[in-house]
Amino acid sequence: MLELELKAVVPDAALLRAALARHGSVRFSGRLLDRRLDQGGALVARDEVLRIRRHEGHDGSVREELGWKGPVHRSAEGYKARRELEIGLTDGAPAGELLAALGYQVIHAIDRWVEVWDVGGGTARIEWYPDLDVLLEVEGDPAAIEQIIALTGIAREQFSADALVDFVRRFEIRTGRPARVALDSPDEQPPHWPAE
């Protein structure tokens, strides 16, 4: 599957949620925990990502998937584009142990509270990190992406194909403090995360 996406900083999450609620519905709400793995930097060198992603729903549901993303390209329209493959993992599957046995190690953790909205033919995902701007990621085909952007109330020029690291860098320059994209402990619940 080829994934197309754009991201933007969310100036007002309450207004954005209200706009999305008028045009779509929430598919998932809860913690989204990513563990990126590599083997001696080989994947990073090829601009590839291998990750185990855990969805912990506010309703108590848990789902995990193993995913790979290929190198980033820019589509002709300026969207971030990359090939993505994902497989669902059965409850309790020891994917981390299997990958460790093959020589892969966790190199990066990303933890956030997300709301995933189905809007028209695309997806809008609001992301609250431990200490970073609230972000909106919009995915779909170009028409769906543009339709979602138009209803968000966020100016089109605020959306970019930049990587998370670019949003982190801009946050740190603007605030003068380090961003945090991973929780300090599994029990941490940042106070600015939505309460469900």
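It should be noted that the structure appears before, not after, this text.
All of the points below concern the structure found in this document. Here, residues in each chain are numbered from 1, in the same order as that chain's written sequence. Where totals are concerned, whole chains, interfaces and linings use all residues; where local detail is concerned, this predicted model gives features only for residues with pLDDT of at least 70, and gives and counts side-chain atom pairs only at 80 or more. Side-chain calculation: all heavy atoms of the structure are included, whereas hydrogens and water are not.

## Regarding unusual backbone geometry
The backbone phi angle of Asp47 is positive, close to 60 degrees, even though this residue is not glycine. Counting from the N terminus, the helices are DSSP H or I runs at least four residues long and the strands are E runs at least two residues long. With respect to the secondary-structure elements, Asp47 resides in the loop between α2 (42-45) and β3 (49-57).

## So, helix α4 (residues 142-152)
Relative accessibility under 20% of the residue-type maximum defines a buried residue, over 50% an exposed one, and the middle range a partly exposed one, all with a 1.4 Å probe and only protein chains included. The complete set of buried residues in α4 reads Ala144, Ile145, Ile148, Ile149, Leu151 and Thr152. Of the surrounding elements, those touching the buried residues of α4 are β1 (2-9), α1 (13-23), β7 (105-119), β8 (122-128) and β9 (135-139). N or O atoms closer than or at 3.5 Å make up a polar contact, with two conditions inside protein: a donor-capable atom paired with an acceptor-capable one, and, for residues adjacent in sequence, both atoms drawn from side chains. A distance of 3.1 Å separates the backbone nitrogen of Ala143 from a side-chain oxygen at the start of α4, and that oxygen is part of Asp141. Positive backbone phi, approximately 85 degrees, marks Gly153, located one or two places after α4. Only heavy atoms enter the contact rule, under which two residues are in contact if any of them lie within 4.5 Å.

## Considerations on the environment of Glu84
With respect to the element layout, Glu84 can be found in strand β6 (residues 80-89). Residue classification places Glu84 among the buried residues on the basis of a relative accessible area of 7%. Spatially, the C-alpha atom of Glu84 lies 7.2 Å from that of Gly67, the residues being 17 residues apart in sequence. Contact partners of Glu84, with chain neighbours within four places excluded, come to Met1, Glu3, Arg51, Trp68 and Lys69. Here the side chain of Glu84 touches Arg51 through a polar contact of 3.1 Å, side chain to side chain.

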